[in-house]
Amino acid sequence: MDSKRENEGPDNPTFHMDEKVIGQLSGQPKRHDAKNHQDDPDRNKPTYCVTDVPAWYLCIFLAIQHYLTAFGGIISIPLILSEGLCLQHDSLTQSLLINTIFFVSGLCTLLQVTLGVRLPILQGGTFALVTPAMAMLSMPDWKCPAWTQNASLVNTSSPEFVEVWQSRLRTLQGSIMAASVLQVLVGFSGLIGFLMRFIGPLTIAPTVSLIGLSLYDSAGDKAGSHWGISAMTAVLIILFSQYLRLIPIPLPVYSKSKKLHTSNFFMFQTMPILLGLAVSWLACYLLTIYDVLPKDSAAYGHLARTDVKGNVVSEASWFRVPYPGQWGVPTVNLAAVFGMLAGIICSMAESVGDYHACARLSGAPPPPDHAINRGIGIEGVGSLLAGAFGTGNGTTSFSENVAALGITKVGSRTVILLSGVFMILMGVFGKIGAVFATIPTPVIGGMFIIMFGVITAAGISNLQVKQKKKFYHFAESVVLMTFYSSQYVDMNSSRNIFVFGFSLFSALVIPNWIMKNPGYLQTGTKGERGLLAWNKVHLEGSINSMVSEEVYDFPFGITTSLQSQSWIRYVPFCPRKSGDPEKKQENTDAFQSTRV
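These figures come from a predicted structure and were not determined experimentally. (Residues numbered from 1 in each chain as written. Predicted model: local features only at pLDDT ≥ 70, side-chain atom pairs only at ≥ 80, totals over all residues. Heavy atoms only, no water.)

## Quick look at the overall build of the protein
Piece 1. Across its full length, the protein carries 26 helices and four strands.
Piece 2. When burial is assessed residue by residue, the protein has 48% of its 596 residues classed as buried.
Piece 3. Intrachain contacts of the protein at a sequence separation of at least 6 include 79% that bridge at least 24 residues.
Piece 4. In the form shown here, the protein has an accessible surface area of approximately 29200 Å², with 63% of it arising from carbon and sulfur atoms. (Helix = DSSP H or I, 4+ residues; strand = E, 2+ residues; numbered from the N terminus. Buried < 20%, exposed > 50% of the residue type's maximum accessible area, 1.4 Å probe, protein only. Contact = heavy atoms within 4.5 Å. Areas by Shrake-Rupley, 256 points an atom, 1.4 Å probe, with all protein chains shown as cover.)

Next up, the structure:
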């Protein structure tokens, strides 16, 4: 780490940057032309590289931002698993699972940054293990008893109920621990590093991109709980990170050399996600206390209220340290182990892609084989610990936080270390973590649309070519079209990655949500839109006309010869039989109904 930079306090790049950037901010004319600015290699470099150490107070703010970025993804895993574990009506146990997964995620983050791949990459729960876990819990032997679905029949402190959910969780624990041994062996044996010799951009790009694309359904569900709040969150993050990032905020600071003075702090560049979440959270709080948002849990927009999860704060304990075997001795189910193995393999592939994306965004060189070996091995150890502690899940590199590096341009691993410490504290002090659980669902959804879009574009940017070459592009292949366009677009630009990723991801999220929720879009009744009156006029003209519809037939008897063919009814521009009595009766009945 750079001890000189660490001791500079307020005199750090985030406050003063370099002379070229200061010239931009102060309105001074630049000494190089626009072409040089566009091709400037320093334009997309991170403000803090992997070995840099920001000032202590800046580290705290940035670490909180990374914690909040991972919060939505981490907390959603135990909430999803709670249904399969029969814990829908036991919010206290859900809170304990949340504390446990945060504690283990923080512990694994410290291991990864210090002993693993040593990149600024945060560890958290993996959705690759959620699918096999829910598949196991949906089997007939593990399906929840009917009485656990009725809140009035559930006594959360009864031994019978405790055994119901703990027996299922212990089976998940043992199966995850058995499957994680494979990841430990693959990593520390060097097998993953050997395989990386055959893995290039065409492997890494779709792997990283699919990490983001695979989550569009989850992002849409969260954002769709209130599109207005989600859009506000997304717009605020875009505004702060893309348009206000070079606007300095003067703050009073003190240093031994300059005493008390003001210095420029580029707040919008370093904390756009945190600021976007905070403003949207505050807006939801105001809309809640003034009852603008509906109180009915079935009404649209209810999940935007900040008091939806208010009972979590009152029920959470002040201090509790999770420990291995807290739910009992883990057990193993062979079928579940094979399912978890599939999830572990997917998780390893995603993590390798995350390592490369993280190195790219933090100013580090591509990770060598030995670093990848350690990273995968430590992730295996992390999944082993997660199984022992009883999170019901494993651990993996968190893609959302990799995307945050590209937006904030802060790639310091010291910040991620401090984030790990915060997650451990949040896992120990249940009340503090429970407060953050009140972040409304649509706020998290708006953040996800930005985060997952950046991940998708960052993966595709690995396909960029250095030289312009002849290329045959096929319109049916999105990847080939993107590869073709990347010859002309600078995909090292964080702005271009942001624009491309957000456009692509939102184009998947919004139509998918509309198809899943067609009832939410009510454009008006037929009467309001004038369709009934229009049909009435049309039928009146058809029935009371002086001539029949034969006036529209083909000439020279063509219509008569075609009417004998059965397929003619499927040709939209060919006339049908005009003397059909059933058709006339249908028109008459429709006309009478409109008059009534």
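## Some points on unusual backbone geometry
Piece 1. A positive phi angle, near 65°, is found at Arg118, a position not held by glycine.
Piece 2. In this structure, Arg118 sits in the loop between α6 (91-114) and β1 (123-124).
Piece 3. Overall, the relative accessible area of 35% leaves Arg118 in the partly exposed class.
Piece 4. Notably, Asp291 is not glycine yet its phi reads approximately 55°, a positive angle.
Piece 5. Mapped onto the secondary structure, Asp291 falls in the loop between α14 (272-289) and α15 (310-315).
Piece 6. Residue Asp291 is classed as partly exposed on the basis of its relative accessible area of 42%.

## Topic: the packing of helix α11 (residues 216-223) against helix α21 (residues 441-460)
Piece 1. Contact pair α11 / α21: the axes reach a minimum separation of 7 Å and the direction vectors enclose 145°. Handedness of the crossing formed by α11 with α21: left-handed. Residues Ala219, Lys222 and Ala223 of α11 form the contact with α21, whose participating residues are Thr441, Pro442, Ile444, Gly445, Phe448, Ile449 and Phe452.
Piece 2. Taken together, the residues that form the contact of α11 with α21 break down as seven nonpolar, two polar and one charged. (Axes fitted to C-alpha atoms, helices over the stretch in contact; angles between N-to-C directions. Left-handed = near helix turned anticlockwise from the far one by under 90°. Nonpolar A, V, L, I, M, F, W, Y, C, P; charged D, E, K, R; others polar.)

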